[in-house]
Amino acid sequence: MQTKIQKITTNLWFDTQAEEAAKFYTSIFQNSKIGRVTYYGKERHEIQGISESTVMTVEFQLEGQNFVALNGGPQFKFTEAISFIVNCDTQEELDYYWDNLSEGGDEKAQQCGWLKDRYGVSWQIVPTTLTKLISNPDPEKSDRVMKAMLQMKKIDINTLKQAVEG
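For the structure given in this document, a descriptive report is provided here. Just so it is clear, the structure is predicted and the values come from calculations on it, not from any experiment.

## Remarks on the pairing of strand 7 (residues 122–127)
Link 1 in the chain: A large share of strand 7 lies buried, amounting to six of its six residues.
Link 2 in the chain: The alternating pattern of strand 7 places Ser-122, Gln-124 and Val-126 and Trp-123, Ile-125 and Pro-127 on opposite faces, both of which are buried.
Link 3 in the chain: Bridging between strand 5 (residues 83–88) and strand 7 involves six bridges; their strand directions are parallel. Bridge pairing in strand 7 links Asn-87 to Val-126.

Okay, here's the thing in structure tokens:
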């Protein structure tokens, strides 16, 4: 039986931490797993100085989404230009993802629900109610929600709801 390949798969370029990162992410997200792991052979070893038998790629899945982590070397770094949004239904869920993904990350990069994890990957940990709250038809209420959010690192759902009420 042949497995259908996902049309678009996110590829994450790491220096040497692809396997470590895949294990980290799959330990946080419930519906997750590590898939195929490939290794560098002699050709790559001779060209790039990467040790033969070093992990080249790790396929993994988070909440049904396929990813590939690549050990490609130090040439490229992650930036905030790309981030992953984790939609959370409750404050408890939001706290869980925030606490786990931010562990060992850059605390200076934490703002308005955004964080950088220990590998430099940017995440947005947001409540599912956020869009509804900031798009309130009453511009004063919407502005209060936005003002409250801009003062937060980790988003607090109750504070946003209180901002709507004034």
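## Details of the pattern of salt bridges
Link 1 in the chain: Following the criterion strictly, the structure yields five salt bridges and no others.
Link 2 in the chain: Across the pair Lys-154 and Asp-95 runs a salt bridge, and its minimum N-O distance is 3.1 Å. Linking Lys-154 in the loop between helix 5 (139–150) and helix 6 (157–165) with Asp-95 in helix 3 (residues 91–102), this pair joins segments that are 59 residues apart in sequence.
Link 3 in the chain: With a shortest N-O distance of 3.6 Å, Glu-103 and Arg-118 are connected by a salt bridge. Here the residue Glu-103 occupies a position in the loop between helix 3 and strand 6 (114–116), and Arg-118 occupies one in the loop between strand 6 and strand 7, the gap between them amounting to 15 residues.

## Points about the sheet that holds strand 6
Link 1 in the chain: With mixed pairing, three strands are arranged side by side in an open sheet as 5-7-6. In this open sheet, the two strands that pair with only one neighbour each are strand 5 and strand 6. On average, each strand axis in the sheet is inclined to that of its neighbour by 25°, with strand direction left out of account.
Link 2 in the chain: Across three bridges, strand 6 lies against strand 7 in antiparallel orientation. Counted as the bridge partner of Trp-114 is Gln-124 from strand 7.

Parameters at a glance
- Residues numbered from 1 in each chain as written.
- Predicted model: local features only at pLDDT ≥ 70, side-chain atom pairs only at ≥ 80, totals over all residues.
- Heavy atoms only, no water.
- Buried < 20%, exposed > 50% of the residue type's maximum accessible area, 1.4 Å probe, protein only.
- Helix = DSSP H or I, 4+ residues; strand = E, 2+ residues; numbered from the N terminus.
- Pairing = 2+ DSSP bridges.
- Salt bridge = Lys/Arg side-chain N within 4 Å of Asp/Glu carboxyl O.
- Axes fitted to C-alpha atoms, helices over the stretch in contact; angles between N-to-C directions.

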